[in-house]
Amino acid sequence: MLRGLSLVVPAFDEQSRLPATLREASRMLPRIAAAAEILVVDDGSRDATAAVARQVDAAVPVRVLSQRVNRGKGAAVARGVQAATYGLIAITDADNPYALDVLATMGGAVEAGRCEIAIGARDLPGSTVNRGYGWLRRSAGQALSGLTWLLLGLPIRDSQCGLKLFRADVARELFALRRIPGFGFDFEVLALALARGRRIERFPVHLTHHDDSRLRLIRDGTRMLRDLFALRRRLRRGAWRGEVSNVAEGCPCCSDQGFHEQVERSGWRMVECEGCGLWYLRPVPSAAELLSLYDADYFRSSSANEFGYADYGRRADAELRRETFRRRLDALGPRARGERMVDVGGGLGFMADVARERFAERWVVEPSVWAASQVAPDHHVVKAAWEQAALPAGGFDLISMQDVLEHLPRPGDALARALAALRPGGYFLVVTPDRMSWLGRLSGESWLSVKLPEHVVLFTRTRLAALLRQVGFEMVSIRPARQVVSIGFLVARAGFARALLERVVPGSVRALRLAVPTGSVEIVATRPV
């Protein structure tokens, strides 16, 4: 008998067929596992699917998870996988087309370590079909299997069999990485599993097909073909590369597991939280991989629109940055004076430089060893990530966190740490990209702040203000951030018009300075006395 099994049942408009499926699963699961549960994921049904699921008298717990809108079978299964309790997670369809007794054999193979994923296969000897699909549906399935082999190199026939079982940690990893929300999630998850070296074993199944299928051959078949070609493109672009962590976690601000895909670039993807609207990288790179980004090349990048800074320490650029910081301190007025301040992610120490006349002690927290070595010797330098920096609690009059929060995978924890480091009545200055700024909305996916994987989270000003209040800050001011730049800086970032502007804008004009909106938000908050 298996130690524990969670059965995920995605359902869309299944009020008529679902009760029989739940009763049968409830009858079988106690014979298969010592502990079991059923998770029904109502995928935005228009009928009483959720209500009838809650009313079923079952011998094992039935949990009903509801999606507000219909997002597709893949998204529904992913929701169930994230919420599952036990060490094995199985998936079946709402019409219960497969006999569930085979789960004992499939789960036994996973518990014994023979494989990490067990999938049903209708083409294996030993499989039986009590009532099969029509010739058109069967031919379409065979064609899809051939295409998955041809386009993806997927050596598994019958990837669309609806009965699958996973070791729980593997399931959470794979479904956190998957992107396809509809029926094509099956071949995506299997391709992902093979790409990440997971062991898969196939098992015979016993099928009884029900004619009232929710699969619409032409509509859903077209979508699966589209998803298949999109997956092939992502594989060729290096999707799923690199070490990752926290793949099973939800939104880093509200922990909601629901999300919508937004941007994919260089094998990384950014999603929007259904709960609070935060854009965040899913999955998050490991801490070691994030830290490795910030070497000397980060501050002297040859492709600054995609990664790092063009020449952060060059004299002309350094003066522009100092002028930006000086204006932000001036805007704080008498709040920007005191005994001690700290600039988080302070780079080469430019913010600390302009604070010399205002604060007796100026601290710089910088994870980049190279950047920290460039900071002026009269500042206190802490060579560490903000999360690990050794600082006096309650000892700072001002904490500056400019163009840093978007790099931190746990922004709530980072803000709570800032609150603890401030003295009562001290001030916190934070500048970070505002996804709902006019520049962010106008640029869309091409917005310069969508830099993956270095930018882990992207806030709206409303969401950031709410998080600051939640942590314990009191708000002082919110305004669009401005940066002092040269005309030449703008010309270099003019996209398709760059070549023309470089020819017509003279060097004397390019040297002129002006303060321009950056698409970021500048917030000042205080620790209550």
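Residues numbered from 1 in each chain as written. Predicted model: local features only at pLDDT ≥ 70, side-chain atom pairs only at ≥ 80, totals over all residues. Heavy atoms only, no water.

Caption draft 1: Quick look at the packing of aromatic side chains. In this structure the tally under the stated criterion is 12 aromatic pairs. Each ring, one from Y298 and one from F299, has its centre 5.2 Å from the other, and the planes form 80°; the classification is edge-to-face. Of the two residues, Y298 and F299, neither departs from the other in class, the shared state being buried. A ring pair is formed by F299 and Y309, whose centres lie 6.4 Å apart and whose planes are at 10°; its orientation type is stacked. With F299 in the loop between α9 (287-292) and α10 (315-332) and Y309 in the loop between α9 and α10, this pair connects stretches of sequence that are 10 residues apart. Given a relative accessible area of 5%, F299 falls into the buried group. For Y309, a relative accessible area of 24% gives the class partly exposed. Geometry around W386 places R417 over its ring, the cationic atom sitting 5.3 Å from the centre. (Phe/Tyr/Trp six-rings, centres within 6.5 Å; stacked < 30°, edge-to-face > 60°. Buried < 20%, exposed > 50% of the residue type's maximum accessible area, 1.4 Å probe, protein only. Helix = DSSP H or I, 4+ residues; strand = E, 2+ residues; numbered from the N terminus. Lys NZ or Arg CZ within 6 Å of the ring centre and 35° of its normal.)

Caption draft 2: Looking closely at the sheet that holds strand β13 (residues 279-281). If you trace the 4 strands from one edge of the open sheet to the other, you get β11-β12-β13-β20, paired in antiparallel fashion. Edge strands, defined here as strands with exactly one partner in the open sheet, are β11 (259-265) and β20 (457-458). With 3 bridges connecting them, strand β12 (residues 268-273) and β13 associate as antiparallel partners. Opposite V271, over in β13, you have Y280 as the bridge partner. (Pairing = 2+ DSSP bridges.)

Caption draft 3: Spatial organisation of the sheet that holds strand β1 (residues 5-11). Across the sheet, which stays open at both edges, the 7 strands sit in the order β3-β2-β1-β4-β7-β5-β8 with mixed pairing between neighbours. Each edge of the open sheet carries a strand with a single partner, namely β3 (62-67) and β8 (200-204). Within this sheet the neighbouring strands show an average axis-to-axis angle of 20°, counted without direction. The sheet contact formed by strand β5 (residues 117-121) and β8 spans 5 bridges and is parallel. Its bridge partner lying in β8, G120 is registered against F203. Here helix α6 (residues 168-177) sits on the sheet in contact with β4 (88-91), β5 and β7 (164-167), set at roughly 105° to β7. (Axes fitted to C-alpha atoms, helices over the stretch in contact; angles between N-to-C directions. Contact = heavy atoms within 4.5 Å.)

Caption draft 4: Structural detail: α6. Buried residues dominate α6, accounting for 9 of its 10 residues. As for α6, its buried residues are in contact with α3 (73-83), β4, β5, β7, α7 (185-195) and β12.

Caption draft 5: Examining the pattern of salt bridges more closely. In total, this model carries 31 salt bridges according to the counting rule given. Linking D13 and R46 is a salt bridge whose minimum nitrogen-to-oxygen distance equals 2.4 Å. Pair noted here: D13 is in the loop between β1 and α1 (18-32) and R46 is in the loop between β2 (36-43) and α2 (49-55), with a separation of 33 residues, a long-range link. The salt bridge partner of D353 is R322, with a shortest N-O separation of 3.1 Å. Here R322 lies in helix α10 and D353 lies in helix α11 (residues 350-354), a separation of 31 residues in the sequence. (Salt bridge = Lys/Arg side-chain N within 4 Å of Asp/Glu carboxyl O.)

Caption draft 6: Main features of the pairing of β12. The buried fraction of β12 is high, at 5 of 6 residues. Judged from the 6 bridges that link them, β11 and β12 form a sheet pairing that is antiparallel. What sits directly across from E264, in β12, is R269. The antiparallel pairing of β12 with β13 creates a hairpin that spans 5 residues between the two strands, and G277 there sits at a positive phi of about 85°.

Caption draft 7: Main features of the environment of I523. The residue I523 is located in strand β22 (residues 513-526) in this model. A residue is classified by how much of its surface remains accessible, and I523, at 0% relative accessible area, is buried. Separated by 62 residues in sequence, I523 and R461 place their C-alpha atoms 8.5 Å apart. Each residue touching I523, except ones within four places of it in the same chain, is listed here: F428, L429, V430, R461, L464, A465, L468, M475, S477 and I478.

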